[in-house]
Amino acid sequence: MKKKIAILGSTGSIGKSLINIVKKDKKNFDTILLTADKNYKELFKQAKILNVKNLIITDEKSYLELKKKKLNKIKIFNNYNDFNIIFKKKIDYVMSAISGIYGLEPTVKIIKHTKKIAIANKESIICGWHLIKKNLKQYNTSFIPVDSEHFSIFYSLGINKISNIDKIFLTASGGPLNNIPKSKFKAVEISEVIKHPNWNMGKKISVDSATMMNKVFEIIEAKKIFNLKYEQLDILVHPSSYVHAITKFNDGMIKIIAHDTDMKIPIFNSLYDSHVKTIKTDQLNIKKLNFLNFKKVDTRKFPSIKMIKKLHNKETLLETIIVLANDELVNLFLLKKIDFTDIFILLQRLINMKEFKIYYYKKPGNIDSIISLKTLIKKKINKMIN
Ligand code: NDP
Ligand code: MG
């Protein structure tokens, strides 16, 4: 029987990678829903290729443009509440790959409609893990992390329980600016910042990779997903990105997980049960294995990493504020309104503001309360840059 699937954020880098896999195995998949924000042309193209009957497009203008197309039997929606109309019963698999905090609402809401959810959208894990975890349990839905480091840890667990983990090291390529001296950071161009040496990713995550904020987010992600303490997590710079995570267990064993530097591997494995299908990958790369070259992060060059020291093990809104403020600042950088180095300077200034400190003792609440913080942060940042 065909597996019924849905992709949130199908027009993005992760979404397209998954579409490429499904396209080659059409006879085994029935794609029930695809979503995008603005890119209605790509969404429509994907719908035709995979014969998809439901599309959600959130940007109002793009929604109206899409409705003008010759749609045949394709239904167009622009609201995640329409999941209740689209899904008559539980489907088999959902990929959550919207970028940014707007991935939170659909991720939380779609859990009850699927047997399995693969989540790439790190913002929803960081800001809304308490909501995701609750729904996974309530609706008996299984979860697979897609971020390569987290997928590697998940894979390395095997028969081991999480309680057997002593320490986890996430690897970091060092990002697009690893070989550029810090003195040049202020004037660095957007094109240099989003040109990642190893990965082909969306713009937002590429900037986070350059500031290394992405690793701060991945530490938080790992802490939440695997229910660890921050003391159990660390980062190692590993420029070739061949190894994704190293898990040291309490019994003394260490698992080093490597795979080709291509997101199609975690995506493929989240979709298929790994024993039923084979993916074409490169031969074992001995050259890379002989030159793993692990290093500690240079926190003077990448001060964002120091943000980890501010985090505490209790669940509070601090992580949410970091994500939302960073989202806004990266956006301003991409709009050429601030310099690259301003991202961290302004982020730090905002985190230290008196009015935000109350949130660092508050537990995160529902989706609306998390999203409403975004408006407050945006206002503050606009005031700071003006
Ligand atoms: P992209 O920017 O390439 O794609 C984002 C997708 O989300 C697009 O489909 C986009 O639609 C949609 N989208 C953007 N904004 C909104 C919004 N406000 N409402 C609804 N949909 C929206 O991102 P990536 O694929 O690179 O990343 C997706 C997520 O996965 C991120 O959270 C990222 O951190 C995470 N991730 C990505 C990795 C990668 O290799 N790319 C690796 C690990 C994690 P449209 O095209 O219409 O704008
Ligand atoms: Mg990653």
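Values in this document were obtained by computation on a predicted structure and should not be read as measured data. (Residues numbered from 1 in each chain as written. Chains lettered and ligands numbered in written order. Predicted model: local features only at pLDDT ≥ 70, side-chain atom pairs only at ≥ 80, totals over all residues. Heavy atoms only, no water.)

## Observations regarding the site of ligand 1
Logical step 1: Of all residues adjacent to ligand 1, which total 25 residues, the nearest are Thr 11, Ser 13, Lys 38, Asn 39 and Glu 123.
Logical step 2: Measuring from an oxygen atom of ligand 1, one finds a backbone N or O atom of Gly 12 at 3.2 Å.
Logical step 3: Between an oxygen atom of ligand 1 and a side-chain N or O atom of Asn 121, the distance comes to 3.2 Å.
Logical step 4: Protein contacts shield 85% of the accessible area of ligand 1, which totals 900 Å² for the unbound molecule.
Logical step 5: Elements represented by at least two residues in the shell around ligand 1 include exactly helix 1 (13-23) and helix 6 (122-138).
Logical step 6: For the shell around ligand 1, the class distribution of residues is ten nonpolar, ten polar and five charged. (Near = heavy atom within 4 Å. Polar contact = N/O pair within 3.5 Å; in protein donor to acceptor, adjacent residues only side chain to side chain. Areas by Shrake-Rupley, 256 points an atom, 1.4 Å probe, with all protein chains shown as cover. Helix = DSSP H or I, 4+ residues; strand = E, 2+ residues; numbered from the N terminus. Nonpolar A, V, L, I, M, F, W, Y, C, P; charged D, E, K, R; others polar.)

## Description of the coordination of the magnesium ion (ligand 2)
Logical step 1: Protein coordination at the magnesium ion (ligand 2): the donors are Asp 147 (OD), Glu 149 (OE) and Glu 218 (OE), at 2.1 to 2.2 Å from the metal.
Logical step 2: Overall, the relative accessible area of 1% leaves Glu 218 in the buried class. (Donors = N, O, S within 2.8 Å, 3.2 Å for Na, K, Ca; no water. Buried < 20%, exposed > 50% of the residue type's maximum accessible area, 1.4 Å probe, protein only.)

## Quick look at the packing of aromatic side chains
Logical step 1: Tallied over the full model, the rule gives eleven aromatic pairs.
Logical step 2: Between Phe 268 and Tyr 272 the ring centres are 4.8 Å apart and the planes differ by 40 degrees, which places this aromatic pair in the tilted class.
Logical step 3: Owing to a relative accessible area of 6%, Phe 268 belongs among the buried residues under this scheme.
Logical step 4: Residue class for Tyr 272 comes out buried when judged on its relative accessible area of 7%. (Phe/Tyr/Trp six-rings, centres within 6.5 Å; stacked < 30°, edge-to-face > 60°.)

## A few points about the packing of helix 9 (residues 203-211) against helix 10 (residues 213-225)
Logical step 1: Two elements in contact, helix 9 and helix 10, have axes whose closest approach is 5 Å; the angle formed by their N-to-C orientations is 100 degrees. Between helix 9 and helix 10, the angle is such that the two are roughly perpendicular. Between helix 9, through Lys 204, Ile 205, Asp 208, Ser 209 and Thr 211, and helix 10, the contact on the second element is made entirely by Met 213, Asn 214 and Phe 217.
Logical step 2: When grouped by side-chain class, the residues that make up the contact of helix 9 with helix 10 number three nonpolar, three polar and two charged. (Axes fitted to C-alpha atoms, helices over the stretch in contact; angles between N-to-C directions. Parallel < 35°, antiparallel > 145°, perpendicular 65-115°, else oblique. Contact = heavy atoms within 4.5 Å.)

## Description of the sheet that holds strand 8 (residues 165-172)
Logical step 1: Strand order in this open sheet of four strands is 9-8-10-11, and the pairing throughout is mixed. Taken across any chain shown, the strands that pair with only one partner, and hence form the sheet edges, are strand 9 (233-237) and strand 11 (254-258). With direction set aside, neighbouring strand axes in the sheet form an average angle of 20 degrees.
Logical step 2: Examined bridge by bridge, strand 8 and strand 9 share five bridges and lie parallel to one another. Bridge pairing in strand 9 places Ala 172 opposite Val 237.
Logical step 3: Along the sheet, helix 10 makes contact with strand 8 and strand 9, crossing strand 9 at roughly 145 degrees. (Pairing = 2+ DSSP bridges.)

## Remarks on the pattern of salt bridges
Logical step 1: Across all of its chains, the model carries 22 salt bridges by this definition.
Logical step 2: In this structure, the salt-bridge partner of Glu 65 is Lys 68, at a minimum N-O distance of 3.2 Å.
Logical step 3: Relative accessible area serves as the criterion here: at 63%, Lys 68 is assigned to the exposed category.
Logical step 4: A salt bridge links Lys 374 to Glu 328, with the shortest nitrogen-to-oxygen separation between them at 3.8 Å. Here Lys 374 is found in helix 17 (residues 367-385), whereas its partner Glu 328 is found in helix 14 (residues 318-334), with 46 residues between them in sequence.
Logical step 5: Each member of the salt-bridge network shares a partner with another, and the members are Glu 123, Lys 204, Asp 208, Asp 327, Glu 328 and Lys 374. (Salt bridge = Lys/Arg side-chain N within 4 Å of Asp/Glu carboxyl O.)

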